[in-house]
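What follows is each chain in one-letter form.
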Amino acid sequence: MDTLLNILIIFALIGFLFLLFKPHKRPKSKEQKQEEIRLSYQKKLSTELSSITNPDERQKRKIALLKVFAKELEFNLFFDEQEVKMLIQELAKY
């Protein structure tokens, strides 16, 4: 019984030390997160449009994708309304 208590104390101490010295991740800034999202949308757009050669079909697909992106960004906490418009305009130039 005494050894069981000692083992539990040792495991508790190891767990405490692990939590104490575990490296802490810093949260990303708003600008970093916005840039990640911007790059992901550019990548999605380029991969979706790269296989389409017909300009009319490409334009239709691009418009449909931009509408989906705008709807997703509408609920994103990292972008306000003006930033969403700017991002969609930037993606539309692609």
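Definitions and limits used
Once a new chain begins, its residue numbering starts again from 1 and follows that chain's sequence as written. For this predicted model, a pLDDT threshold of at least 70 governs which residues receive local features, and a threshold of 80 or more governs which side-chain atom pairs are given and counted, while totals over whole chains, interfaces and linings are taken from all residues. As a convention, hydrogens and water are excluded, and side-chain values are obtained from all of the structure's heavy atoms. To qualify as a helix, a DSSP run of H or I must reach at least 4 residues; to qualify as a strand, a run of E must reach at least 2; elements of each kind are numbered from the N terminus. Helix span, as expected, comes to 1.5 Å for every residue beyond the first. Exposed residues in this analysis have more than 50% of their type's maximum accessible area, buried residues have under 20%, and partly exposed residues fall in between, with area computed by a 1.4 Å probe over protein chains only. Note that the arc is defined by the directions from the helix axis to the C-beta atoms. Every residue pair with non-hydrogen atoms within 4.5 Å of one another is taken to be in contact. A side-chain nitrogen of Lys or Arg and a carboxyl oxygen of Asp or Glu constitute a salt bridge if their distance falls within 4 Å. Throughout this description, the term nonpolar core refers to a set of buried Ala, Val, Leu, Ile, Met, Phe, Trp, Tyr and Cys residues connected via side-chain atoms within 4.5 Å. We call Phe, Tyr and Trp rings a pair once their centres come within 6.5 Å, taking the six-membered ring for Trp, and we label the pair stacked below 30 degrees between planes, edge-to-face above 60, and tilted otherwise.

### Regarding helix α4 (residues 81-92)
Taking 1.5 Å as the rise per residue, α4 with 12 residues should run 16 Å; its terminal C-alpha atoms sit 17 Å apart, in good agreement. By the burial criterion, the buried members of α4 are Val84, Leu87, Ile88 and Leu91. The arc that holds the buried residues of α4, viewed along the axis, is 100°, so those residues lie on one side. In this structure, the buried residues of α4 make contact with α2 (30-50) and α3 (55-74).

### Focus on the pattern of salt bridges
Counted under the stated rule, the structure contains 7 salt bridges. Measuring nitrogen to oxygen at the nearest pair gives 3.2 Å for the salt bridge that ties Glu35 to Arg38. Of this pair, Glu35 and Arg38 are both found in helix α2, 3 residues apart, which corresponds to roughly one turn of the helix. Given a relative accessible area of 35%, Glu35 falls into the partly exposed group. A salt bridge links Glu48 to Arg61, with the shortest nitrogen-to-oxygen separation between them at 2.8 Å. Highlighted residues: Glu48 in helix α2 and Arg61 in helix α3, separated in sequence by 13 residues. Put simply, Lys28, Lys33 and Glu36 are held in one network by salt bridges that share partners.

### A word on the nonpolar core
Residues Tyr41, Leu45, Phe69, Leu73, Phe79, Leu87 and Leu91 are the most contacted members of the largest nonpolar core, which totals 14 residues. Of all the secondary structure elements, the ones that give two or more residues to this core are α2, α3 and α4. Residues within four places of Phe79 in sequence aside, it is in contact with Gln34, Ile37, Arg38, Leu73, Val84 and Leu87.

### Details of the packing of aromatic side chains
According to the stated counting rule, one finds 1 aromatic pair in the structure shown. For the ring pair Tyr41 and Phe69, a centre distance of 4.5 Å and an interplane angle of 50° mean the geometry is tilted. Taken together, the residues Tyr41 in helix α2 and Phe69 in helix α3 connect sequence positions 28 residues apart. Residue class for Tyr41 comes out buried when judged on its relative accessible area of 6%. Accessibility expressed as a relative area gives 3% for Phe69, which makes it buried.

### As for the environment of Pro55
Structurally, the position occupied by Pro55 is in helix α3. Linking Pro55 and Val84, residues 29 residues apart in sequence, is a C-alpha distance of 26 Å.

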